[in-house]
Amino acid sequence: MNNVNGILLVVGAMAAFTLEDMFIKHLSVTVPTGQIMVVLGVLCGLAFAVMAVATRKPVFDAAAWQPLLLIRAGTEAVGALSFVTALSLVDLSTVAAVFQAMPLVVTMGAALFLREQVGWRRWSAIGVGFIGVLMIIRPGLDGFRPETLFVVASVVAIAARDLITRRLDARVASAVVAMQAYAAVALAGLALLLMSAQPVAPLEAEQFGAYLGAVGFGVLGYFGIVTAMRVGEASALTPFRYTRLLFSILAGMWMFGERPDTMTIVGASLIIGSGMYTFIRERRIARRMAPAVC
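Residues numbered from 1 in each chain as written. Predicted model: local features only at pLDDT ≥ 70, side-chain atom pairs only at ≥ 80, totals over all residues. Heavy atoms only, no water.

Remarks on the packing of aromatic side chains
Going through the model one piece at a time under the given rule, you end up with 6 aromatic pairs. Centroid distance Phe48 to Tyr182: 5.7 Å. Interplanar angle 10°. Geometry classified as stacked. Taken together, the residues span a long stretch of sequence, with Phe48 in helix 2 (residues 33–54) and Tyr182 in helix 8 (residues 174–196) at a distance of 134 residues. Like Phe48, the residue Tyr182 is buried in the burial classification. Among the aromatic residues, those joined into a ring-pair cluster are Phe48, Tyr182, Tyr222 and Phe223. Above the ring of Phe256, the side-chain terminus of Lys25 is found at 5.7 Å from the ring centroid. (Phe/Tyr/Trp six-rings, centres within 6.5 Å; stacked < 30°, edge-to-face > 60°. Helix = DSSP H or I, 4+ residues; strand = E, 2+ residues; numbered from the N terminus. Buried < 20%, exposed > 50% of the residue type's maximum accessible area, 1.4 Å probe, protein only. Lys NZ or Arg CZ within 6 Å of the ring centre and 35° of its normal.)

Regarding a positive patch on the surface
A cluster of basic residues, Arg121, Arg283, Arg284, Arg287 and Arg288, forms a positive patch at the surface. The element best represented in the positive patch is helix 12 (residues 262–293), accounting for 4 residues. Here Arg288 lies in helix 12. Taking relative accessible area as the criterion, Arg288 reaches 57% and is therefore assigned exposed. (Patch = residues over 30% accessible without salt bridge, like charges linked within 9 Å, V, L, I, M, F, W, Y side chains within 5 Å. Areas by Shrake-Rupley, 256 points an atom, 1.4 Å probe, with all protein chains shown as cover. Salt bridge = Lys/Arg side-chain N within 4 Å of Asp/Glu carboxyl O. Lys, Arg positive; Asp, Glu negative; His and termini not counted. Charge placed at Lys NZ, Arg CZ, Asp CG, Glu CD.)

Points about the confidence of the model for the protein chain
For the protein chain, the mean per-residue pLDDT works out to 87, and 96% of the residues sit at or above 70. The lowest-confidence element of the protein chain is helix 10 (residues 234–237), averaging 66 in pLDDT; the highest-confidence one is helix 3 (residues 67–89), averaging 93. (pLDDT = per-residue confidence, 0-100.)

Some thoughts on the packing of helix 4 (residues 92–99) against helix 7 (residues 149–165)
At a minimum axis separation of 9 Å, helix 4 and helix 7 run at an interaxial angle of 40°. Between helix 4 and helix 7 lies a crossing of right-handed hand. The segment helix 4 lies against helix 7, with Val95, Val98 and Phe99 engaging Val151, Val152, Ser154, Val155 and Ile158. Of the residues belonging to the contact of helix 4 with helix 7, the class tally is 7 nonpolar, 1 polar and no charged. (Axes fitted to C-alpha atoms, helices over the stretch in contact; angles between N-to-C directions. Left-handed = near helix turned anticlockwise from the far one by under 90°. Contact = heavy atoms within 4.5 Å. Nonpolar A, V, L, I, M, F, W, Y, C, P; charged D, E, K, R; others polar.)

Here's the deal with the environment of Phe223
Relative to the assigned elements, Phe223 resides in helix 9 (residues 205–231). Along the backbone, Phe223 and Met255 are 32 residues apart, and their C-alpha atoms lie at a distance of 26 Å. Residues in contact with Phe223, not counting those within four places in the same chain, are Phe48 and Met51.

Some words on a nonpolar patch on the surface
On the surface, Val42, Leu43 and Leu46 cluster together into a nonpolar patch covering about 250 Å² of accessible area. Within the element layout of this structure, Val42 appears in helix 2.

Focus on the environment of Ala188
As for its position among the elements, Ala188 is in helix 8. Separated by 32 residues in sequence, Ala188 and Val156 place their C-alpha atoms 17 Å apart. Residues in contact with Ala188, not counting those within four places in the same chain, are Met37 and Ala77.

Take a look at the structure:
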């Protein structure tokens, strides 16, 4: 295992995802959310379809179209719909800060639905992380913005996607799973366009670069994180996922003039701190159980 290269790949992937978010937010000023999802879903889906065919992965194998995979694609669509809507309405740094709670939601979901053992320490960490989320979205206070609930919906949907991923058939290639997910994103975007009756915005010259950037960096980020997990140890790489928040704050300040307030920074710190504690605790438990497994 090469953890140094893995860490660099994770950090690069987080930077790529931040740039993807930045381009999507830029597009959302002049382009309907549904249209953005259709374009990203079609182009990214085609990219992964080409990769699957080029690497001779069975795209239409029966194992790749089981109900569980289709449900996973549906959760991806809901997550993308909520996330892109949030990006169009909420500060980039706020979206990124709340999204860091996703590992905590995965841990909670694993305990509730997959019957994984979670002790009181990790439940306490989850509680602290959710306090951080409340400090950022501030329900019932003057600074509350209902649009931030789209980020929460996205976190729940993506956490469900990750929990379902743990139960997928190992024979199904990652590129095929990604292709299905982006196809679902495109269908969800089309449905949103039809239901909202929003007119399709014509492609303008200045939008081409933003579309290309969103698609390109999205694909790069996905493959960066997949490659990182294959060359390095997950226990060494996971903490560096939080660099996405730093990149998002910098991008929001640079591109959109955002200035996160004190409560947002404190809330984000609680989320990251509780997430790191949960990760460290899970790592210690895994080490204690290793001799018994051997």
